[in-house]
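Structural overview
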Amino acid sequence: MTRTIIPFGPQHPVLPEPIHLMLTLDDEVITEAVPAFGFVHRGLEKLVEIRDFHQMIYVVERICGICSMLHAMCYCQGIEEMMGIETPPRARFLRVIWSELHRMHSHLLWLGLFADSFGFESLFMQFWKIREKILDIDEATTGNRIIVSVNVIGGVRKDLTLEQTRGILSELKSVETELKRLETTILNDYTVQNRTVGKGVLTAKQAYELGLVGPTLRASGVMQDARMLKYAAFDDIAFTPVVETDGDCYARCKVRFREVFQSIDLIRQAIGKLPNGEIAVKVKGRPDGEVTSRVEQPRGEVFYYIRANGTKHLERLRVRTPTFANVPALLTMLPGAGLSDVPVIVLSIDPCISCTER
Amino acid sequence: MIRHGILIAAALIFGPLVGGLISGMDRILTARVQSRIGPPLLQPFYDVIKLLGKEKVVVNVWQAFCANAYLTAASIAVVLLCLRSDLLLILFIQAVGSVFLVVGAFSSTSPYSQIGAHRELLQMLCYEPLLILVAVGVYLQTGSFRIAAVHALHQPMLLKLPFLFLVLGLVLTIKLRKSPFDLSTSHHAHQELVKGLLTDYSGPLLALTEIAHWCDTALLLGFCSLFWATNPIGALLLVAVTYLMEIWIDNVCARMNWRWMLGYGWGMGMALSLVNLVWLYAR
Amino acid sequence: MFTMTSTILRNLLKEPATRRYPASVRPSFEAARGEIRNDIHVCTFCGVCAVKCPSQCITVDRKAADWSYDPSACVQCGVCAEVCTSGSLQQARDYRKPVRKKELVVLKGATTPPKHSDPPVTG
Ligand code: SF4
Ligand code: SF4
């Protein structure tokens, strides 16, 4: 066959979200990949002009349907820093618990989609079945499965009772055993390795120079994680980032798989050290000045720039999401890959397009 | 003559019916091993009825012709199987049907269906020689290519042709579009080519290809049943076990790519067939 | 491959994880944030809920004593129920059933509302 151009997306069953890739093929080998965005732009940043800074929490939460809690947390931490608010310790630990639950369900979602991208449907169902447990924890403790809406400026809205923390721990136990059972399949199965090992390799230097973030970067051997900034309660919790060195799709899968277990561990630590006390402080006054805020989302570091002018509306809000940083990696990885590896490679950066376009 | 007429009518009706029912059971079982409840047993029929009721959009006349030709060839193959005709003829007609499907896909300009058709050709390249080898094995065992000769045997063929039966299983996996071989198109479209080969077939034409696929399923399972032709219960059991193995393979494997398929299919298939044939010959 | 086999066999022997919705429905969690309900006889039409709502889907008209709410614009955040001054606004556990048409929920107070010291606010 000669040169073919495939419009991969924006609506494509293997893509969870609309991104358009124009793939030029030479006999099932990609020679060029040109991405196009702009299918889910909603103009959420502009909403600062008509929503006050409290209401914006619920807007930024809806930037992304998967890492929503971390968006709100990043935003609230930024405003708190600007207004000089000291959040109570219990609130900071609770934020860690919910944010790590978020990371878990996001990674489980990804593991499922990744399995689906190489045609392993039954494995996909297994991961999503486990994910339901995490979503149930979310719903039982916060009232919603994904858009948990727990963050407010100055703390959190919901508290965990002793009973609930015990419930979380026992659920996590069963999640852990079920995941362990899938470990040999996702990491050691012959057919899975055949589809992931050596696909889409990025060296540490390449990954660093492309400015990648999150698991995509860590799978290439660069130890960088925004949780090392010790926001929320991370200064009281032992944490070392998960790093792999191979830089291929398999390594990225391994990083995320191991991070699920790491999150379980972080939640256990946080519940173990959960201090008593207030969960939120009263907020007086209006924000003024400018601030940047960063947290580690499941897909990598998210960056918020906030500028305020002392009124109840912010002046400017700018979000740089992890997928925005990771898309350039696709342009490096795709040329030279086979067509059947495209879904695997595209999924391996865990693209979140709603985040990227806001 | 009347007997033949009845047989032909029965094959035309029951061929696709059995194929559809098997596909319905397949869906339920697949769902159950994935911890889902799954659709009702008759879901494949509901799907096809719905497709038949849709507006007919013909991409080009040639493609519409191809869909019909595929169905015709697939049903003729089933009829011939029921008439206990010549095995080589049946396989040939079945192959002609598949070629029509591919040609229909090639006749549209969508890159997805082009690449799908290309891959389907590679798949055929992989399994057609194997099917012929199985037929040759049957010939060596019975001394004839006619299915009637198989039914005349006193001992199940499986005992003499175990490896060739495995090869037939391999072909079945490719033909049923199960992982790891759901390359040219897949049942759920969660694949890089979306619906690949079938992308540009739509509405009633897609329904025709689906019915033809049921016929193909029935044909190949009928072929499998020949390996235990001495006893209907044995034949049924053999087919059931074969199909369960297909579902098992489908659920424990990722999709591979066509290079792997050609290498593995030919390597494994040829090796198994040769071992079996040499063994038959030497005896 | 073999561990996956044991997984799928286990699934086959266990109950499916899915259920036949809507024939069988799991009860909502106690904390679940469902539909917003207003006990209009208690509502003082102060308008705080309308101001705080992030999706601005509540409108309060103090003079006419009506409270209206657009369920299809509501994001179920629960802020309005949290800030309600009279406790009339509650968030139920259950979700709203799907509807064919988008409709406003308009509730009318039976009597003129009691005088309130806050200035009337309309959102
Ligand atoms: S739940 Fe939230 S969005 Fe809905 S009406 Fe109340 S404040 Fe508005
Ligand atoms: S805050 Fe409560 S009392 Fe005030 S208008 Fe809203 S529902 Fe009525």
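A brief structural summary. None of these values were measured; they are calculated from a predicted model. Starting afresh in each chain, residues are numbered from 1 along the sequence in its written order. Starting at A for chains and at 1 for ligands, labels are handed out in the order in which the entities are written. Per-residue local features are limited, in this predicted model, to residues with pLDDT of at least 70; the limit for side-chain atom pairs, both in listing and counting, is 80 or more; totals at the level of whole chains, interfaces and linings are taken over all residues. Computation of side-chain values: all heavy atoms of the structure, hydrogens and water removed.

1. Thoughts on the overall build of chain C
Put simply, DSSP marks the helices as runs of H or I at least four residues long and the strands as runs of E at least two long, and each gets a number from the N terminus on. Along chain C, the regular secondary structure elements total 3 helices and 5 strands. Helices and strands appear in chain C in the N-to-C order α-β-α-β-β-α-β-β. Accessibility here uses a 1.4 Å probe with only protein chains present; expressed as a share of the type maximum, an area under 20% marks a residue as buried, one over 50% as exposed, and anything in between as partly exposed. In chain C, which comprises 123 residues, the proportion classed as buried is 37%. We call two residues in contact when some of their heavy atoms are within 4.5 Å. A fraction of 73% describes how many contacts in chain C between residues 6 or more apart in sequence connect residues 24 or more apart. On chain C, roughly 7,800 Å² of surface is accessible, and the fraction owed to carbon and sulfur atoms is 56%. Residue-level accessible areas treat just the shown protein chains as cover; the underlying method is Shrake-Rupley with a 1.4 Å probe.

2. Section: helix α10 (residues 322-333) of chain A
Here α10(A) contains 12 residues, and its C-alpha end-to-end distance of 17 Å stays within 8% of the 16 Å for a straight helix at 1.5 Å per residue. Looking at α10(A), one finds that the buried residues are A:P322, A:T323, A:A325, A:N326, A:V327, A:A329, A:L330 and A:M333. The span expected for a helix works out to 1.5 Å for each residue beyond the first.

3. A look at the sheet that holds strand β2 (residues 58-61) of chain C
All names here are of chain C. Each pair of strands is called paired provided DSSP finds at least two bridges between the two strands. Pairing in this open sheet of 3 strands is antiparallel, and the strands run β2-β3-β5 from one edge to the other. Pairing within the sheet leaves two strands with one partner each, and these edge strands are β2 and β5 (105-108). For this sheet, the mean angle separating the axes of adjacent strands, direction not counted, is 10°. Strand direction decides the pairing type here: strand β3 (residues 66-69) and β5, joined by 4 bridges, are antiparallel. Every axis in this analysis is a line fitted to C-alpha atoms, fitted for helices over the stretch in contact. Angles between the N-to-C directions lie between 0 and 180 degrees.

4. Describing the side chain of A:R92
All names here are of chain A. With respect to the secondary-structure elements, R92 resides in helix α3 (residues 89-117). None of His or the chain ends enter the tally, which takes Lys and Arg as positive and Asp and Glu as negative. Criterion for a salt bridge: a side-chain nitrogen of Lys or Arg within 4 Å of a carboxyl oxygen of Asp or Glu. For the buried residue R92, which engages in no salt bridge, the nearest side chain bearing the opposite charge is D235, 4.2 Å off. Here a polar contact is taken to be a pair of N or O atoms separated by no more than 3.5 Å, where protein atoms must pair a possible hydrogen donor with a possible acceptor and residues adjacent in sequence count only if both atoms sit in side chains. Here the side chain of R92 touches A232 through a polar contact of 3.3 Å, landing on its backbone oxygen. Here R92 is in contact with T87, A232, A233 and D235, once residues within four sequence places are set aside.

5. Observations concerning the site of ligand 2
Around ligand 2 lies a shell of 13 residues, among which C:C43, C:C46, C:C49, C:C84 and C:S86 are the nearest. Under the scheme applied, nonpolar residues are Ala, Val, Leu, Ile, Met, Phe, Trp, Tyr, Cys and Pro; charged residues are Asp, Glu, Lys and Arg; polar residues are all the others, including Gly. Counted by class, the shell around ligand 2 contains 7 nonpolar, 6 polar and no charged residues. Residues are counted as near a molecule or strand when any one of their heavy atoms sits within 4 Å of it.

6. So, a positive patch on the surface
On the surface, A:K282, A:K284, A:R286, A:K312 and C:K52 cluster together to form a positively charged patch. Within the secondary structure, C:K52 is located in helix α2 (residues 48-52). Patch membership requires over 30% relative accessible area and the absence of a salt bridge. Like charges are linked within 9 Å, and nonpolar side chains (Val, Leu, Ile, Met, Phe, Trp, Tyr) within 5 Å. By convention, the charge on Lys lies at NZ, on Arg at CZ, on Asp at CG and on Glu at CD.

7. Some thoughts on the sheet that holds strand β8 (residues 314-320) of chain A
Residue and element names in this part refer to chain A. With respect to topology, 3 strands assemble into an open sheet ordered β6-β7-β8, the strand pairing being antiparallel. Each edge of the open sheet carries a strand with a single partner, namely β6 (288-297) and β8. For this sheet, the mean inter-axis angle between neighbouring strands, taken without regard to orientation, is 10°. Both strand β7 (residues 300-309) and β8 contribute to a ladder of 6 bridges, which runs antiparallel. The residue bridging Y304 from the neighbouring strand is V319, located in β8.

8. Quick notes on the site of ligand 1
Near ligand 1 there are 13 residues, and of these C:C53, C:C74, C:C77, C:G78 and C:C80 occur at the shortest range. Residue classes in the shell around ligand 1 are distributed as 10 nonpolar, 3 polar and no charged.

9. Some remarks on the nonpolar core
The nonpolar side chains of a soluble globular protein tend to be buried, and buried together. By nonpolar core is meant a set of buried Ala, Val, Leu, Ile, Met, Phe, Trp, Tyr and Cys residues that side-chain atoms within 4.5 Å join together. A:L23 and A:Y75 are the most contacted members of the largest nonpolar core, which has 131 residues in total. It is α3(A) that contributes the most residues to this core, 15 residues altogether. Once you skip the residues sitting within four places of it in the chain, A:Y75 turns out to touch A:F53, A:M56, A:I57, A:V60, A:Y304, A:I306, A:L314 and A:L317. B:A117, B:F165, B:L226 and B:W258 belong to the second largest nonpolar core, which has 81 residues in total.

10. What about the packing of helix α4 (residues 121-142) of chain A against helix α1 (residues 2-13) of chain C?
One way to put it is that α4(A) packs onto α1(C) with a least axis distance of 11 Å and a crossing angle of 65°. For the pair α4(A) and α1(C), the crossing hand works out as left-handed. Every residue of α1(C) that contacts α4(A) at A:S122, A:L123, A:Q126 and A:K129 is listed here: C:M4, C:T7 and C:N11. Left-handed describes a crossing in which the near helix is turned anticlockwise from the far one by less than a right angle; the clockwise case is right-handed.

11. Some thoughts on the pattern of salt bridges
Scanning the model with the defined rule gives 31 salt bridges over all chains in all. A salt bridge links A:E296 to A:R218, with the shortest nitrogen-to-oxygen separation between them at 2.9 Å. Of this pair, A:E296 sits in strand β6 while A:R218 sits in helix α8 (residues 214-218), and the two are 78 residues apart along the sequence. Residue A:E296 is classed as buried on the basis of its relative accessible area, which comes to 1%. The salt bridge partner of B:K178 is B:D250, with a shortest N-O separation of 3.9 Å.

12. Considering the interface of chain C and chain A
Counting from both sides, the interface comprises 24 residues of chain C and, opposite them, 25 residues of chain A. Here the quantity called buried area is the total loss of accessible area, with a 1.4 Å probe, experienced by two parts when brought into contact, counted for both. When chain C packs against chain A, the two sides together hide about 2,200 Å² of surface, and 44% of this comes from carbon and sulfur. Applying the counting rule to chain C against chain A returns 3 salt bridges. Residue C:R26 is joined to A:E139 by a salt bridge in which the shortest nitrogen-to-oxygen separation is 3.4 Å. Applying the counting criterion to the chain C and chain A interface returns 16 residue pairs in polar contact (both at pLDDT 80 or more). Counting only elements with at least two residues in the side of chain C that touches chain A, the list comes to α1, α2 and α3 (79-83) of chain C. Among the elements that take part in the side of chain C that touches chain A, α1(C) stands out by supplying 5 residues, more than any other. Here the residues of the side of chain C that touches chain A are counted per class, giving 13 nonpolar, 6 polar and 5 charged.

13. Remarks on unusual backbone geometry
Of the consecutive residues C:Y21 and C:P22, the connecting peptide bond is found in the cis state with omega at 0°. Structurally, C:P22 can be placed in the loop between α1 and β1 (36-38). Positive phi outside glycine occurs at A:S149, with the angle close to 50°. Along the chain, the position of A:S149 falls in the loop between α4 and β4 (151-152).

14. Things to note about the pairing of strand β1 (residues 3-8) of chain A
All names here are of chain A. With burial as the criterion, only one face of β1 is covered, namely that bearing T4, I6 and F8; the residues R3, I5 and P7 on the opposite face remain uncovered. Note that β1 and strand β2 (residues 20-26) share 6 bridges and pair antiparallel. Along β2, the bridge assignment pairs I6 with L23.

15. Thoughts on the packing of helix α4 (residues 87-106) of chain B against helix α5 (residues 111-142) of chain B
All names here are of chain B. Where α4 contacts α5, the two axes come as close as 9 Å, and the packing angle between them is 175°. Relative to α5, the element α4 lies roughly antiparallel. Residue composition of the contact of α4 with α5, by class: 16 nonpolar, 5 polar and 2 charged. In what follows, roughly perpendicular refers to angles from 65 to 115 degrees, roughly parallel to angles under 35, roughly antiparallel to angles over 145, and oblique to any angle outside these ranges.

16. Let's talk about the environment of A:T31
Residues and elements named next belong to chain A. Tracing the backbone through its elements, the reader meets T31 in strand β3 (residues 29-36). The sequence separation of T31 and I5 amounts to 26 residues, and the corresponding C-alpha distance is 10.0 Å. Beyond its immediate sequence surroundings of up to four residues, T31 is in contact with T24, L25, D26 and P335.

17. Some points on the interface of chain B and chain A
Chain B puts 27 residues into the contact, and the matching count from chain A is 32 residues. Interface area, chain B with chain A, both sides summed: about 2,500 Å², of which 56% is carbon and sulfur. Looking at the side of chain B facing chain A, the largest losses of area belong to B:Q34, B:H190 and B:E192, adding up to 22% of the total buried there. The interface formed by chain B and chain A contains 7 residue pairs in polar contact (both at pLDDT 80 or more). Of all the secondary-structure elements, those providing two or more residues to the side of chain B that touches chain A are α5, α9 (232-252) and α10 (258-282) of chain B. Among the elements that line the side of chain B that touches chain A, the one with the most residues is α5(B), at 5 residues.

This is a description of form; function is not addressed.
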